[in-house]
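Residues per chain are reported as follows:
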Amino acid sequence: MKLLSYIRGEAFQRGVHPPSCKLTADTPIRRLPFAPRLVVPLSQHIGKPSRPLVRVGEEVVRGQPIAEADGWLSVPQHAPVTGVVEAIELRPSARGPWSECIVIRTYEASTQEVLWGAPQDIDAFEPQEIVLAVQRSGMVGLGGAAFPSHAKLAVPDGARVETLVVNGCECEPYLTCDHRVMVEQAADLMTGIRHAMRATGARRAIIGVEDNKPAAAEALRMALPPDAEVFVEEVPTKYPQGSEKMLITALFGIEVPSGKLPLSLGMVVNNVGTLAALGRLLPAGQGLVERVVTITGPGVARPGDYRVPLGTPISFVLDHAGAPAEARQVVLGGPMMGQSVASLEVPVTKGVSGVLVFSGKETAGREGRKTYPCIKCGECVESCPMGLNPSMLGMLAARREYDEMAGRYHLGDCFECGCCTWVCPSNIPLVQQFRVAKQILREKAAA
Amino acid sequence: MKASVEIRSAPHIKGPRSVEQIMANVVYSLVPICLFFVWQYGLSALASILVVTAACLLAERLFVGSGTQSGSLADFSATITGLLLALTLPPGFPLWMGAVAGFSAVALGKALFGGIGCNVFNPALVGRAFVQAAFPAAIASYTPSFLPGRFSEFIPSSLAWPLMMPPDTAAWLKAMQIDALSGATPLAMWKFEGMLADIGELLSGSGGHLALGPSPLLILACGAYLALRRFMDWRIPVAVLGSAGLAAGAIHLVDARYPDALFVLASGGLVLGAVYMATDMATSPVTPRGMWLYGTLIGLLTVMIRYYGGLPEGVMYAILIGNAATPLIERFTQPKPFGQDASRRARKSASYTLHPDYISREEAAAKPSGKRWRGRIKS
């Protein structure tokens with residue numbers, strides 16, 4: 001295996017090959033109905049939470065801004081449904097702590113058309129104006145990070161962007177939302193790429209697609225514009241290729257320097273879902289009110305990719321998709337990096353790419369495994385895409401030597417992809433230990 | 001969907017590997033080698049393997065049962081220790097001494113350090129070192145292989161009463177009335193009598209009546225199985241055998257009184273040590289560069305001890321010294337993190353190239369330190 005990938009010229013060093021389990025790759029995107037109540041958190045992105053613009057009891061129209069951006073690293077929120085604001089209060093969030101949300105009761109008689117928003121001619125806009133239009137649309141990275149998109153597209157002074165890298169890897173098992181978007185919304189994606197290239201000043205765009213999605217690559221090739229430097233590149237499938245640094249290495253054979261952004265190499269990386277949504281929203285002058293979510297898992301009766309109104313509670317999503325009654329664990333995102341939710345009242349937010357349901361059978365299988373001490377097999381070292389030594393980090397974490405972890409063993413480079421934990425034969429929860437260590441170090445630094 | 005949900009930390013799926021699976025595969029790969037050993041030496045070898053392994057399992061059971069350490073009999077690690085230890089002992093080694101070796105291997109080599117994964121030295125070699133110090137005469141007395149009647153009678157020394165010294169096997173051997181019988185190992189014959197054994201017989205382990213361990217070729221084949229299925233790292237055996245071969249070859253060129261590289265590689269326990277002992281996961285480095293260094297150290301030390309030491313065989317001490325050096329080696333061979341190794345910055349075979357004009361010479365000091373903590377995947 002290893003030797004083969006070496007001969008083929010591997011995309012990036014190390015990484016793992018979990019079973020892909022993409023059950024829903026061939027099912028077209030369907031629309032999820034509106035839940036009776038939608039919960040729109042004011043913080044669905046990295047950065048400052050938005051400020052509410054509506055009051056309790058006010059009627060809102062689908063697509064209407066209901067919260068405004070608070071500063072540069074923040075985005076507005078739009079009403080995902082026509083209805084009435086029932087409350088603005090604390091509700092459980094996926095990460096655990098309760099956060100402020102706008103609760104909207106749906107008008108069931110409404111046609112739920114998006115009437116808000118004025119069409120705009122983006123091609124006549126200056127780059128800065130495009131960036132502001134992106135911010136007005138409330139767009140964040142739909143791949144999972146939920147980083148405000150306009151902040152990525154705004155090129156700081158002194159930096160130049162050569163390449164717009166479009167991330168269509170979708171390396172997480174189970175998830176197929178990006179795949180379906182590439183197949184069904186290739187034209188929207190090309191529009192989004194054109195505007196993003198204008199905004200950043202990039203002279204070319206490269207769409208990286210893993211080679212387990214030939215249908216997506218084919219659809220993109222058919223939609224390529226004749227007059228712009230946009231390329232589709234198939235890269236060998238390997239987890240975590242969806243990480244921007246890994247994708248850049250796969251495409252350019254160059255490593256982004258440790259602690260630096262891709263911008264230092266003249267690149268900006270955006271997810272296909274983000275750009276496809278932008279391609280649809282920007283010309284219409286509308287805001288982000290829904291997104292494509294993969295609802296899947298072993299035992300789900302109607303798995304598939306659904307266009308879900310933002311704010312739909314997970315319980316409604318699961319009922320609709322036919323989640324098994326014995327569901328024991330619900331994960332937002334993919335199985336390698338996703339967040340396990342504590343409450344089914346948590347809403348789908350902008351960063352949720354998948355809702356993954358595991359039943360008792362699968363969780364018991366993992367629970368039943370004994371945890372051994374590290375036997376120093378070195379599998380984690382062979383799998384860490386960042387070139388760290390998770391075995392050593394794990395032993396240091398057990399001894400609580402957090403400063404040593406950060407200093408000599410580069411804990412800060414870890415982006416929690418989970419490869420080390422996936423391969424570990426001793427079943428040690430390495431990534432969780434690293435998360436705890438990072439949190440303690442953050443708290444120490446803040447104190 | 002009213003059932004309570006559970007919270008777990010990512011990743012929510014798990015790879016197929018487990019400690020039990022790795023250890024069980026090592027045991028499977030050892031089975032052909034043990035069968036070959038039994039075919040060579042008959043009943044005594046079989047009894048030795050069983051008794052030594054049983055002693056290891058008994059010790060493991062006692063210490064795991066005491067609640068001081070994790071691990072279990074079902075993880076097969078004590079079984080591996082027992083099988084390997086039995087293969088390194090002479091086939092006619094008194095069974096009660098074998099039991100002592102097995103027990104001390106697990107007790108001193110593993111349990112004392114805290115059980116599976118925590119040991120510093122290879123337990124099988126600790127056991128062997130213990131009996132080498134305790135019973136130097138018994139461990140040096142080999143018997144020839146493929147003796148007639150090996151499946152119907154024990155080598156007399158095997159059945160010595162506990163705490164009794166074994167009877168001398170020389171008289172018993174004389175009664176065989178076969179030409180060219182010697183209880184000396186090929187290494188001892190070279191070291192003390194200057195006689196070189198035939199290389200083909202050494203490699204196959206099946207020629208004549210040499211006092212040999214299992215065939216090096218068979219061990220290499222079983223090791224290749226493990227390496228291909230990635231239950232063992234291929235770098236360590238390659239480094240051990242490569243460095244030992246190169247060192248022996250160089251010395252042979254300078255001074256032809258020393259044997260050639262092939263003899264050094266095929267004789268004694270070098271192949272068994274390189275493939276099965278030096279690769280013990282817990283006692284070898286985890287870093288790829290460290291593995292090369294560790295293997296090279298063992299290979300060189302083996303040749304040095306064999307040529308210039310008082311003992312005919314040096315693999316055991318070479319590996320034990322390598323084990324002791326492992327933490328130090330690891331410390332100096334940490335992998336280079338992504339984006340920090342200048343030599344890996346650019347790869348020739350890339351699909352796209354970058355225009356140098358766009359690469360910022362000095363990344364503006366804007367906010368990289370804050371970004372480093374953020375676990376970010378996908379854009």
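Predicted model only: the values in this text are computed from it and were never measured.

Criteria and cut-off values
- Residues numbered from 1 in each chain as written.
- Chains lettered and ligands numbered in written order.
- Predicted model: local features only at pLDDT ≥ 70, side-chain atom pairs only at ≥ 80, totals over all residues.
- Axes fitted to C-alpha atoms, helices over the stretch in contact; angles between N-to-C directions.
- Helix = DSSP H or I, 4+ residues; strand = E, 2+ residues; numbered from the N terminus.
- Parallel < 35°, antiparallel > 145°, perpendicular 65-115°, else oblique.
- Left-handed = near helix turned anticlockwise from the far one by under 90°.
- Contact = placed C-beta atoms within 7 Å.
- Buried ≥ 20, exposed ≤ 12 C-beta atoms within 10 Å, placed from the backbone.
- Pairing = 2+ DSSP bridges.
- Domains from an automatic or database assignment.

> Residues and numbers for the packing of helix H3 (residues 77–88) of chain B against helix H5 (residues 123–134) of chain B, please.
Residue and element names in this part refer to chain B. One way to put it is that H3 packs onto H5 with a least axis distance of 8 Å and a crossing angle of 40°. One element, H3, and the other, H5, form an angle in the oblique class. H3 and H5 meet at a crossing whose hand is right-handed. Between H3 and H5, the contacting residues are Thr81, Leu84, Leu85 and Thr88 on the first element and Pro123, Ala124, Gly127 and Arg128 on the second.

> Which residues make up the pairing of strand S15 (residues 327–332) of chain A, and what values go with them?
Residues and elements named next belong to chain A. Extensive coverage of S15 is indicated by the burial of five of its six residues. Two elements, S15 and strand S17 (residues 354–359), share five bridges in a ladder whose sense is antiparallel. Each residue of the ladder has a partner; that of Leu332, found in S17, is Val355. Both S15 and strand S16 (residues 339–340) contribute to a ladder of two bridges, which runs antiparallel. Opposite Val331, over in S16, you have Ser340 as the bridge partner. From the end of S15 to the start of S16, which pair antiparallel, there are six residues, and Gly333 there has a positive phi angle of about 100°.

> Describe the domain arrangement of chain B, listing the residues and the values that go with them.
Residues and elements named next belong to chain B. Domain assignment breaks chain B into domain 1 (18–158) and domain 2 (179–333). The C-alpha centroid of domain 2 is placed 20 Å from the C-alpha centroid of domain 1. Contributions of two or more residues to the side of domain 1 that touches domain 2 are made by helix H1 (19–41), H3 and H5. Counting residues per element, the side of domain 1 that touches domain 2 draws most heavily on H1, which supplies nine residues.

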